[in-house]
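Summary of structural features
Below, each chain spelled out in residue letters.
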Amino acid sequence: MTGTVGPAGSRDADTAVTNAGNPASPRNPADSGRPAKRADDALDAAGSQSPGTPAAGAGGTRDEGRAGSGSPADGVLRLVFDPGTRRWADGQVLLGGSPLRVLRLPAAGARLVEEWMRGQPVGPDPARRRLADRLVAAGIAHPVYERPRLRLSDVTLVVPVRDHAAALERLLAALGAAGEVGTAGGANKAGGANKAGEENDAGEGDARETRKAGEAGELAEVIVVDDGSVPPLPRATARHQRPRGPAAARNTGWRRAGTELVAFLDADVRPEPGWLEPLLAHFDAPDVAAVAPRVTSLPGRSLLARYERARSSLDLGGVAAPVRPASRVSYVPSAALVVRAAALRELRGFDERMRFGEDVDLVWRLVRAGWQVRYEPVSRVGHAPRGRWTAWLRQRFDYGTSAAPLATRHGGAVAPVRMSVWSALSWAAVAAGRPRAGLVVAAGTAALLPRRLAPLGVPATGALRVAALGHLGAGRLFADAVTRAWWPAAVPLLAGTRRGRWLLALALGRHLHEWYQRRPDVDPPRWLLLRALDDAAYGAGVWWGAARAGTLTPLLPELSGRPAAATAYLRRVLQVRGASHLKPRHALVSGARRILGRHHVP
């Protein structure tokens, strides 16, 4: 990136800054503190050397420098600008995206943006395409493709399943009713029967009865992978003799596919008719590797179903977004996901060593390799909630356990809190009983931001808004971490003092504010209880996974803008010196106590 913001930063800018009016992103099964709730501290200042062509630093795509990179080969491309995008200086200064960025355009580029905001197509001109690519990559605008190249006949559907025969039947029936699989012979042709023999653990087998589509309106194949069900599923195309996990089942399926795209659906989802078309359009851009629909919880009458309808961990909201770590949408679940087969081959598919979080890992590896991953909420898929409270709590706990293996592979991407060191100091002062000191730090650093952004064309009022909401967003992140990732250590410590109990009450009070905003079909007391249980189960999973892996990484904050001396000191503390002789679980508890006790940070 070409420029960085000063001490106040915008890394911890709240979602309200970058996506004003957007629904809050639900919690990430892999990100223990919702890093999507803040924007990056580096704001890009993009100039242009030709009309509509921003300079480097505004974003990028996999095939940067390759002719036609990121642009559709055929059809019409239009842009829909994100609701959080702000414009100043006659449209020459754009602020938006996630992470938050500032783009400075020449007058010609500003005129193009004005045309696109009125609904005009981008057009085939290479300079226009490059500017559109930059806006899309930054998250400032989202692409809408008309007359896409790919059809359903270019897609192989893979359904990994274990034991849930009834759910599988309902899924195949729904696909048949929508016309996405052939109706002749019913759903049986969609899966095929594994009569010739079971597949061995290496993924090889000669039993493959997959249906080839006779027209573009049907899927090319439906491959059902039975992951060791007892009894075996009669509709399975391939079978593992023993359970190997969903990652292995998906890998077995996509490796048998012969199409350009592979769609993954879990057996307990119900796609709406036409769910694939909005996703396929994005693959007109050659650097798009994966696209995910919105996964909502299916309606029900029970309290758990009503809660899940409003607070499903798989529902990422109703606003389109690029998917990448530390952004508003930092992951997408593989419960419903379409992936380019070439990208799967390049990365060798899902990591079969991971029981949970393997979909997050795949998405982050794709992004790291230079591919684009997109979230398209126009496409909707329903997901059946857990039927029992114990199963629901176990699901949340299992999601939490994925934080440690993800941290091993992706480091600070799973940090429960990501913000500037100055925001952290401000709220640490408040937690220590020195609110005036915290206010002075926050006000002082916020006052510096307008000076840093003024050369980029951002007015002082806009810069102050970014800084103020950034500090407020940091407070919410701390509250999230206290009752979620850090609660096994933070809650007992805070509950021991009067001031700590007030802080806990404020942290839990944010759930009531969320209830007021969402107005779910759950009364406030039970909503508060369920939200607390939701966070507690997930946080317990984070600690359990971290203890088993012997790492503190999924519990540590990620701070930006800190001096080198502070960085070195923090590293010394987090290495938990003197505790190397302890078992991993004891070392974890010892280290957490040292951090929380010595620094008075919840």
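One structure accompanies this document, and this report is about it. (Residues numbered from 1 in each chain as written. Predicted model: local features only at pLDDT ≥ 70, side-chain atom pairs only at ≥ 80, totals over all residues. Heavy atoms only, no water.)

**Remarks on the pattern of salt bridges**
Using the criterion set out here, one finds 30 salt bridges in the structure. Between R328 and D82 there is a salt bridge whose closest N-O contact spans 3.8 Å. With R328 in the loop between β14 (321–322) and β15 (336–340) and D82 in the loop between β3 (76–81) and β4 (86–88), this residue pair connects regions lying 246 residues apart in the sequence. For the pair shown, R328 and D82 are each scored as buried. Residue D535 is joined to R510 by a salt bridge in which the shortest nitrogen-to-oxygen separation is 3.5 Å. Here D535, found in helix α18 (residues 524–549), pairs with R510, found in helix α17 (residues 498–518); they are 25 residues apart in sequence, far enough to count as distant. We classify R510 as buried; its relative accessible area is 15%. (Salt bridge = Lys/Arg side-chain N within 4 Å of Asp/Glu carboxyl O. Helix = DSSP H or I, 4+ residues; strand = E, 2+ residues; numbered from the N terminus. Buried < 20%, exposed > 50% of the residue type's maximum accessible area, 1.4 Å probe, protein only.)

**What to know about the sheet that holds β4**
Read across the open sheet, the three strands follow the order β4-β5-β6; overall the sheet is antiparallel. Among the strands making up the open sheet, the edge pair consists of β4 and β6 (101–104). Geometrically, the sheet is characterised by an average inter-axis angle of 20° between neighbouring strands, direction not taken into account. Here β4 pairs with strand β5 (residues 93–96) via three bridges, running antiparallel. Looking at the pairing, W88 lines up with V93 of β5. (Pairing = 2+ DSSP bridges. Axes fitted to C-alpha atoms, helices over the stretch in contact; angles between N-to-C directions.)

**Here we look at the packing of helix α16 (residues 487–495) against α18**
Direction vectors running N to C along α16 and α18 enclose 120°, while the axes themselves pass 9 Å from each other. Contact residues: W487, P488 and A489 in α16; D535, A536, G539, A540 and W543 in α18. Residues that form the contact of α16 with α18 fall into these classes: six nonpolar, one polar and one charged. (Contact = heavy atoms within 4.5 Å. Nonpolar A, V, L, I, M, F, W, Y, C, P; charged D, E, K, R; others polar.)

**Here's the deal with helix α15 (residues 460–483)**
Along its 24 residues, α15 runs 35 Å from first to last C-alpha, staying within 8% of the 34 Å computed at 1.5 Å per residue. A large share of α15 lies buried, amounting to 17 of its 24 residues. (Expected span 1.5 Å × (residues − 1).)

**Describing the pairing of strand β16 (residues 372–383)**
Burial of β16 is extensive: ten of the twelve residues sit out of reach of the surface. Summarising the sheet, strand β13 (residues 288–297) and β16 pair through nine bridges and their orientation is parallel. Counterpart to P293 in the pairing with β16 is E376. Judged from the two bridges that link them, β14 and β16 form a sheet pairing that is antiparallel. Along β16, the bridge assignment pairs A321 with Y375.

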